[in-house]
Amino acid sequence: MRKPTMTAGLVTLGLALAACGGTPAQDSEIGSGPGGKAAAATYQKLNGLPKDQARAEAVKEAKAAGGTLSMYTSMNADIADRITAEFTKQTGIKVSTYRGHSEDVLQRTLQEASANRLGADVVESNFSEMDALGGKKVFGPYEGTAGKQIPNEYHYDGWIASRLNILIDGWNTKLMPESDLPKSWEDLADSRFKGKISIEQSDDDWYENVTKWWKDHGKSDQEIAQLWQKIVGNAKIVNGHITVADLLAAGQTALNADNYSYEYTVVAKKGAPVTAVGSSGSNPVPAFARPNGVAVTAAAKHPAAAWLFEDWLLSDGQKVLVGEGLTPATKVPGDTTTKGLNVVPYDTKGYEAQQKKWADEWDRLISGAPKLK
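Within each chain, residues carry numbers counting from 1 in the order of the written sequence. Local features in this predicted model are restricted to residues of pLDDT 70 or higher, and side-chain atom pairs are both shown and tallied only at a pLDDT of 80 or more, whereas totals for entire chains, interfaces and linings draw on every residue. Processing note: side-chain calculations cover all non-hydrogen atoms of the structure and skip hydrogens and water entirely.

- Per an unreviewed UniProt entry, the recorded name for the chain is ABC transporter substrate-binding protein, and the organism is Actinoallomurus acaciae.

### What to know about the overall build of the chain
Piece 1. The helix count covers DSSP runs of H or I at least four residues long, the strand count covers runs of E at least two residues long, and both are numbered beginning at the N terminus. Looking only at helices and strands, the chain features 14 helices and 11 strands.
Piece 2. C-alpha atoms of the chain, sized along the principal axes, occupy 60 × 45 × 35 Å.
Piece 3. Partly exposed residues are those whose accessible area sits between 20% and 50% of the maximum for their type, while under 20% is buried and over 50% is exposed, using a 1.4 Å probe and protein chains only. In the chain, which comprises 373 residues, the share counted as buried stands at 54%.
Piece 4. A total of about 15,800 Å² of accessible surface is found on the chain, and carbon and sulfur atoms cover 51% of it.
Piece 5. Here the chain holds 41 positive side-chain charges and 45 negative ones, and the gap between their average locations is 3 Å. Residue burial considers only the protein chains on display, and all accessible areas are found by Shrake-Rupley using a 1.4 Å probe. For the purpose of charge, His is not counted, nor are the chain termini; Lys and Arg are scored as positive and Asp and Glu as negative. Charge positions come from single atoms, namely NZ of Lys, CZ of Arg, CG of Asp or CD of Glu.

### Focus: unusual backbone geometry
Piece 1. Look at Asn116: it is not a glycine, yet its phi comes out positive at around 55°.
Piece 2. With respect to the helices and strands, the residue Asn116 is situated in the loop between helix 5 (102-114) and strand 3 (122-126).
Piece 3. In this model, Lys137 sits at a positive phi of 60°, which is unusual for a non-glycine residue.
Piece 4. Secondary-structure assignment places Lys137 in the loop between helix 6 (127-135) and strand 4 (160-172).

### Some details on the side chain of Ser102
Piece 1. Along the chain, the position of Ser102 falls in helix 5.
Piece 2. The buried category is assigned to Ser102, whose relative accessible area is 5%.

### Concerning helix 3 (residues 51-64)
Piece 1. The end-to-end C-alpha distance of helix 3 is 20 Å, a good match for the 20 Å that 14 residues give at a rise of 1.5 Å each.
Piece 2. Those residues of helix 3 that fall on the buried side of the exposure criterion are Ala54, Arg55, Glu57, Ala58, Val59 and Ala62.
Piece 3. Two residues or fewer after helix 3 comes Gly66, characterised by a positive phi angle close to 115°. What a helix is expected to span follows from its residue count: subtract one and scale by 1.5 Å.

### Description of the packing of aromatic side chains
Both the distance between ring centres and the angle between the ring planes are used here to describe each pair of aromatic rings.
Piece 1. Between rings of Phe, Tyr and Trp, where Trp is taken as its six-membered ring, a pair exists when centres lie within 6.5 Å; planes separated by under 30 degrees are stacked, by over 60 edge-to-face, and by other angles tilted. One pass over the full model with this rule turns up 19 aromatic pairs.
Piece 2. Residues Trp185 and Phe288 carry aromatic rings whose centres are separated by 6.2 Å and whose planes lie at 5° to one another, so their mutual orientation is stacked. In this pair, Trp185 sits in the loop between strand 4 and strand 5 (197-200) while Phe288 sits in strand 9 (residues 283-296), placing the two residues 103 residues apart along the sequence. One exposure class covers both Trp185 and Phe288, and it is buried.
Piece 3. An aromatic cluster is built from Trp185, Trp206, Tyr207, Trp214, Trp228, Phe288, Trp358 and Trp362, whose rings are joined through pairwise contacts.
Piece 4. Above the plane of the ring of Trp358 lies Lys357, whose end atom (NZ or CZ) is 3.6 Å from the centre. The rule for a charge over a ring is simple: NZ of Lys or CZ of Arg within 6 Å of the ring centre, and within 35 degrees of the ring normal.

### Some points on the pattern of salt bridges
Side chains that differ in charge, positive against negative, can pair when their charged atoms come close.
Piece 1. Counted as salt bridges are all cases of a side-chain nitrogen of Lys or Arg within 4 Å of a carboxyl oxygen of Asp or Glu. Within the structure shown, the criterion is met by 15 salt bridges.
Piece 2. Here Arg82 makes a salt bridge to Glu324, at a shortest N to O gap of 2.7 Å. Linking Arg82 in helix 4 (residues 77-91) with Glu324 in the loop between helix 12 (316-323) and strand 10 (327-328), this pair joins segments that are 242 residues apart in sequence.
Piece 3. We note a salt bridge from Asp216 to Lys212, for which the minimum N-O separation is 2.8 Å. Of this pair, Asp216 and Lys212 both sit in helix 7 (residues 204-216), separated by four residues, roughly a single helical turn.
Piece 4. The exposed category is assigned to Asp216, whose relative accessible area is 53%.
Piece 5. In this structure, a network of salt bridges that share partners links the residues Lys45, Glu57 and Glu61.

### Notes on the side chain of Asn209
Piece 1. Note that Asn209 resides in helix 7.
Piece 2. Using a relative accessible area of 3% as the deciding quantity, one classes Asn209 as buried.
Piece 3. Polar contacts here mean pairs of N or O atoms no more than 3.5 Å apart (in protein, one a potential hydrogen donor and the other a potential acceptor; neighbouring residues in sequence count only if both atoms are side-chain atoms). Polar side-chain contacts of Asn209 include one of 2.8 Å to the backbone nitrogen of Asp347.
Piece 4. Contacts are assigned to residue pairs that have any heavy atoms within 4.5 Å of one another. Not counting residues up to four positions away in its chain, the partners in contact with Asn209 are Phe288, Pro345, Tyr346 and Asp347.

### Section: the environment of Glu57
Piece 1. Structurally, Glu57 can be placed in helix 3.
Piece 2. In contact with Glu57, other than residues within four places in its own chain, are Lys45, Leu46 and Leu49.

Here you go:
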């Protein structure tokens, strides 16, 4: 989920745009052209209408504009297909999806925004990437009634959390005896896990949250540093959360330290001996609930369809998310995605305040660890 530092991001964008003869646009220019002004007018109109009238008007305008929508997302491809299929079924609006790692979604969107050529009408991705895009003023204003049902703590700069990625450990039941399972993050430093752990290489936010958890519970900096050295010494590094889950399912690792709970569910539904809860139906290890969000773009080519999708995902779509094993941002009857998990708050403010520091520390920590592909 790594986002680039401001300097690195601007250099990357500058080189990419120079290659095609363009120059990076300033933040204020994003959405300032005719298309952006038209999108802003649509958003203003829909935001000012009562709930049912706004939804009906959005459907009407979206169909009049061709009945299509372009979405960029880092969601698991199979899940994204099923969610967009349900949106199409309920609204009649077809969705064209670009699916990539969250870092890819961020870079592609930033490059297009800097050239005033946004290809996405709506973006759905991880907390850090959405926060970066919000800071670059890529998003347009959504103020529909559905958004008001999302807790205030999940409202950010230009975007709203639609779901929570629960970062927790999971294991292969054929390779990891239940008697050996970790009961805390500290347990991962034990020698019994030597060579049995996989860690996702971009999860510097997991590193920050575990570190903060330890500090809040009385551990010294020296104790924390020693724990991390031992944990990484027991581990192999893997690129990509989906890959992590697939390798766990294939038995190439016995235990994954940090993945999204729904990724374990995805491979388990396919018959893999993978779980994140023991036979008791619980997991005592603290699980961090990281927000993932959705937002319309400032210069969307199909603004009514974009507004409609965000409104739907934050309301009717919440039930669909639960059906796919994802944790919704609101309370949904029948949601069991966090059942048995020791869910604790994700440190959004602390992580974002010093993101580069945590990223650099994490990179140094895992630099010598073996890689698993």
